[in-house]
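# Close look at the chain arrangement
Given next are the chains, with one letter for each unit.
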Amino acid sequence: MTLVFKQILTQQTMIIYNVTINIDESVHEQWLNWMQTKHIKEMLNTGCFKSARLVKVLVNEDMGGVTYSVQYFAENQAALDDYKNNHAPLLRSEGLQLFADKMLTFRTDLEIISEHE
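Remember, it's a predicted structure, so these values are computed and weren't measured experimentally. (Residues numbered from 1 in each chain as written. Predicted model: local features only at pLDDT ≥ 70, side-chain atom pairs only at ≥ 80, totals over all residues. Heavy atoms only, no water.)

### A look at the overall build of the protein
- If you tally the helices and strands in the protein, you get four helices and four strands.
- Starting at the N terminus and walking to the C terminus, you meet the elements of the protein as α-β-α-β-β-α-α-β.
- Here the protein holds 117 residues, and the buried ones make up 34% of them.
- When contacts within the protein are restricted to residue pairs at least 6 apart in sequence, long-range pairs at least 24 apart make up 76% of them.
- As displayed, the protein has an accessible area near 7700 Å², and 51% of this comes from carbon and sulfur atoms. (Helix = DSSP H or I, 4+ residues; strand = E, 2+ residues; numbered from the N terminus. Buried < 20%, exposed > 50% of the residue type's maximum accessible area, 1.4 Å probe, protein only. Contact = heavy atoms within 4.5 Å. Areas by Shrake-Rupley, 256 points an atom, 1.4 Å probe, with all protein chains shown as cover.)

So this is what it looks like as structure tokens:
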């Protein structure tokens with residue numbers, strides 16, 4: 001049995017809550033500032049996530065706009081379920097109020113199988 005495999009067996013499975021957002025260019029700078037200075041911090045302050053990563057998707061969208069992915073790292077499925085059940089509606093509402101039809105979002109839950117360096 002390899003060391004990496006042993007580590008996976010002895011650790012809880014980490015979950016990535018991936019949120020992909022296409023933001024209209026007319027509000028792009030405002031949205032990016034809000035994400036970096038407020039929203040991601042609020043997500044982390046729920047205690048459901050250990051860390052977060054904001055990345056730009058390198059693709060030219062036919063529909064226009066700029067696309068990003070935010071990856072929130074949860075210790076396990078229970079932590080993600082806690083977020084969804086107790087925090088998500090409130091935290092999602094501010095983005096909808098601020099950016100409404102200028103933002104298209106979809107979410108994906110990912111399970112980390114292994115990591116390599």
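Past the structure itself, the notes keep going.
### Focus: the pattern of salt bridges
- Under the criterion given, the structure shown has four salt bridges.
- In this structure, the salt-bridge partner of E94 is K38, at a minimum N-O distance of 2.9 Å. Of the two residues, E94 is situated in helix α4 (residues 88-99) and K38 in helix α2 (residues 28-45); the sequence distance between them amounts to 56 residues.
- Taken together, the shared-partner salt bridges in this structure form one network comprising K38, E42 and E94. (Salt bridge = Lys/Arg side-chain N within 4 Å of Asp/Glu carboxyl O.)

### Description of the confidence of the model for the protein
- The share of residues in the protein with pLDDT of 70 or more is 90%, and the mean pLDDT across the chain is 90.
- Taken together, the stretch residues 5-10 has pLDDT below 50 and engages in four contacts with residues farther than four places along the chain or on a different chain. (pLDDT = per-residue confidence, 0-100.)

### Concerning the packing of helix α3 (residues 77-86) against α4
- Packing of α3 against α4 brings their axes to within 5 Å, and their N-to-C directions diverge by 60°. Together, Y83, K84 and N86 of α3 and A88, P89, L91 and R92 of α4 make up the contact between the two elements.
- Here the residues of the contact of α3 with α4 sort into four nonpolar, one polar and two charged. (Axes fitted to C-alpha atoms, helices over the stretch in contact; angles between N-to-C directions. Nonpolar A, V, L, I, M, F, W, Y, C, P; charged D, E, K, R; others polar.)

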